[in-house]
Amino acid sequence: MSTMATHDLLLLAGDGIGPEIMAQTKRVIDWFNDHSAHQFTTIDDLVGGAAYDAHKSPATDEMMAKAGQVDAILFGAVGGDKWTDVPYEARPEAGLLRLRKDLELFANLRPAVCYPALAQASSLKPELVEGLDIMIVRELTGGVYFGEPKEITGQGNEKRAVDTQVYETHEIDRIARVAFGMAKKRGNKVHSSEKHNVMATGILWKEVVTQIHKEDFADVELQHILADNCAMQLVRNPKQFDVIVTDNLFGDILSDVAAMLTGSLGMLASASLGAVGTDGKMKAMYEPVHGSAPDIAGQGKANPIAMIDSFGMCLRYSFDMGKEADLLQQAITKVLENGLRTPDIMQEGMELVSTSGMGDAILAELNNLSS
Ligand code: IPM
Ligand code: MG
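Residues numbered from 1 in each chain as written. Chains lettered and ligands numbered in written order. Predicted model: local features only at pLDDT ≥ 70, side-chain atom pairs only at ≥ 80, totals over all residues. Heavy atoms only, no water.

Caption draft 1: Focus on empty space enclosed by the protein. All chains considered together, the criterion is met by one cavity of 30 Å³ or more. The space that makes up the largest cavity amounts to roughly 50 Å³. Together, Gln165, Tyr167, Ser193, Glu194, Lys195, Met199, Thr201, Gly202, Trp205, Asp247 and Phe250 line the largest cavity. Elements with a contribution of two residues or more to the lining of the largest cavity: strand 8 (189-194) and helix 7 (200-216). The biggest single contributor to the lining of the largest cavity is helix 7, with three residues. For the lining of the largest cavity, a count of residues per class yields four nonpolar, four polar and three charged. (1 Å grid on protein atoms, 1.4 Å probe; cavity = no way out; pocket = protein on both sides within 12 Å on 5 of 7 lines; lining within 4 Å. Points joined across faces, edges and corners; volume = space filled by probe spheres on them. Helix = DSSP H or I, 4+ residues; strand = E, 2+ residues; numbered from the N terminus. Nonpolar A, V, L, I, M, F, W, Y, C, P; charged D, E, K, R; others polar.)

Caption draft 2: Highlighting the packing of aromatic side chains. Scanning the entire structure with this criterion turns up seven aromatic pairs. A ring pair is formed by Tyr145 and Phe146, whose centres lie 6.5 Å apart and whose planes are at 45 degrees; its orientation type is tilted. Put simply, the rings of Trp31, Phe32, Phe40, Phe311 and Phe319 pair up and form one aromatic cluster. Here the guanidinium or amino end of Arg91 rests over the ring plane of Tyr88, the centre of that ring lying 3.9 Å away. The ring of Phe106 has Arg174 lying over it, and the distance from NZ or CZ to the ring centre is 4.3 Å. (Phe/Tyr/Trp six-rings, centres within 6.5 Å; stacked < 30°, edge-to-face > 60°. Lys NZ or Arg CZ within 6 Å of the ring centre and 35° of its normal.)

Caption draft 3: Spatial organisation of the environment of Met358. Structurally, Met358 is set in helix 12 (residues 355-370). The buried category is assigned to Met358, whose relative accessible area is 0%. Measuring from C-alpha to C-alpha, the distance between Met358 and Glu139 comes to 32 Å, with 219 residues separating the pair along the chain. Other than its neighbours up to four places away in sequence, Met358 contacts Pro304, Ile305, Val335, Leu340, Arg341, Thr342 and Val353. (Buried < 20%, exposed > 50% of the residue type's maximum accessible area, 1.4 Å probe, protein only. Contact = heavy atoms within 4.5 Å.)

Caption draft 4: The environment of Val190, seen in detail. By secondary structure assignment, the location of Val190 is in strand 8. Judged by its relative accessible area of 1%, Val190 is buried. Counting along the chain gives 32 residues from Val190 to Leu222, while the straight-line C-alpha distance between them is 4.9 Å. Setting aside residues up to four positions removed in sequence, Val190 forms contacts with Ala179, Phe180, Ala183, Val220, Glu221, Leu222, Gln223, Val243 and Val245.

Caption draft 5: Local environment of the side chain of Glu171. Structurally, Glu171 is set in helix 6 (residues 169-184). Among buried Asp, Glu, Lys and Arg side chains, Glu171 stands out as unpaired, with Arg174 the closest opposite charge at 4.9 Å. Here Glu168 takes part through its backbone nitrogen, which lies 2.8 Å from a polar atom of the side chain of Glu171. The contact partners of Glu171, leaving out residues within four places of it in the chain, are Glu139, Thr141, Gly142 and Val166. (Lys, Arg positive; Asp, Glu negative; His and termini not counted. Salt bridge = Lys/Arg side-chain N within 4 Å of Asp/Glu carboxyl O. Polar contact = N/O pair within 3.5 Å; in protein donor to acceptor, adjacent residues only side chain to side chain.)

Caption draft 6: View of the site of ligand 1. The immediate surroundings of ligand 1 are formed by Glu93, Arg100, Arg110, Arg138, Tyr145 and Asp252. At 2.7 Å, a side-chain N or O of Arg100 approaches an oxygen atom of ligand 1. Measuring from an oxygen atom of ligand 1, one finds a side-chain N or O atom of Arg138 at 2.8 Å. Across the shell around ligand 1, the residue classes break down as one nonpolar, no polar and five charged. (Near = heavy atom within 4 Å.)

Caption draft 7: Looking closely at the packing of helix 1 (residues 18-35) against helix 10 (residues 305-319). For the pair helix 1 and helix 10, the least separation of the axes is 8 Å and the interaxial angle reads 40 degrees. With respect to each other, helix 1 and helix 10 are oriented oblique. Two packed elements cross with a definite hand, and for helix 1 against helix 10 that hand is right-handed. Contact residues: helix 1 offers Ile21, Met22, Gln24, Thr25, Val28, Ile29 and Phe32, while helix 10 offers Met307, Ile308, Phe311 and Leu315. For the contact of helix 1 with helix 10, the per-class residue count stands at nine nonpolar, two polar and no charged. (Axes fitted to C-alpha atoms, helices over the stretch in contact; angles between N-to-C directions. Parallel < 35°, antiparallel > 145°, perpendicular 65-115°, else oblique. Left-handed = near helix turned anticlockwise from the far one by under 90°.)

Structure (C-alpha cells):
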C-alpha cells in the first residue's frame, strides 16, 4: 500500500490581481491533487491591504501563527493606491516584510528565464535574450530594508530622514553559501554584486564572499561586480550571468531589470527560503516578482503564469517534486508556443486570452502531457 504525502499550504492572495491569479493557481494545485502521489491541503487568509481593511493590520498574529506552521506559503501580491493614507507601519507592504522577517526567509531566489516563444516580447534584441537563464539570489531579511534607525525627525520645512544599511558576517555567509550551492547545480559561476567603492557593507560583503569561496567553493567561478556595473551589464549582455548574489536593495532593483529582459514581469516566479530547522523542515514562501497591478485588477487581464510558476518552484524546493515541476514548466512552455497570450505579452498574430483562459489552457496542456 502506498502512502500519500500530504502538505499544508497557506494561500495569501492579497490585493489587486492577487486573488485572480491565486484562483488559477488553486486549479493547478487541485490538478496535482488528482494526478500525483501528493496531497495538498490549502487554507486561505488575508494579507496586505485586504487584511488591513478587515483587521487594521496587514499581517495579523493569527495569520502569522498559521504561516509558521504550514509546509509552505503561496503569496499573491499586496498594495494599491487605496491604502496610501494608512499609517506607515500598517501599509500593505509591511505585511509582506513581516512574513519575510519573522519567518527568517533570508534567501530570495529569482530566476529570470526567457521562454523561447517570448524572445520577441523583450525590449532587448531577441538574440540577446534567447535562452537566457539567470538566477538572482537576493538577501531578503537584512540591509536597508530592516536596519535601525529608520526614521524621519525634525519638523516643518527642515526634516531629516535616515535609513540604515547593516550587514553582519553571518548574514552574508549564509546567502553566499546558497548562491554557490545553486551555481554548482547550474552554470558554476557566481557574480557577487555590491558597492565596496562607497559602502562599508560592500567591503564586508566582498570580504566574506571571498572567504567562503576560498574555503568551501573554490571550484565555482567567482567574479565581484559593482552593482551599477551589474545593472549596465544586465542590459548590455545578460547571457554572461549565471548566478548573481546581492543584498536586499540591489537585489530588488537588479531582479526587476533581469525580469524585464524576459519580456514581462508577469512571467517571473520567486522563492523565499529560510534555513532548515531542527525538525528538518524549511520555511518557504513562493510569490510572483510582479506587484498587485491595481489598474487592471478584476478585469481578467492579469497574467497568472508567474503565480502558477511560483507553485512550480514550491513543488521543486519544498517538496522535492522536480518531475512534477518540470511537467508544469513544459505545460506553460507549450501554451506559449501555441500562441496564447494575456495582454501583457500580447503580440501580433497571437491569441489573446483572459486570466482564466490562460488557466484553462495550462490545465488542458497538463492533461495532454500526462495522458
Ligand atoms: C519585491 C517588492 C517588495 C520589495 C515591496 C512590495 C516591498 O518590490 O518583492 O521586489 O521591495 O522587496
Ligand atoms: Mg521589487
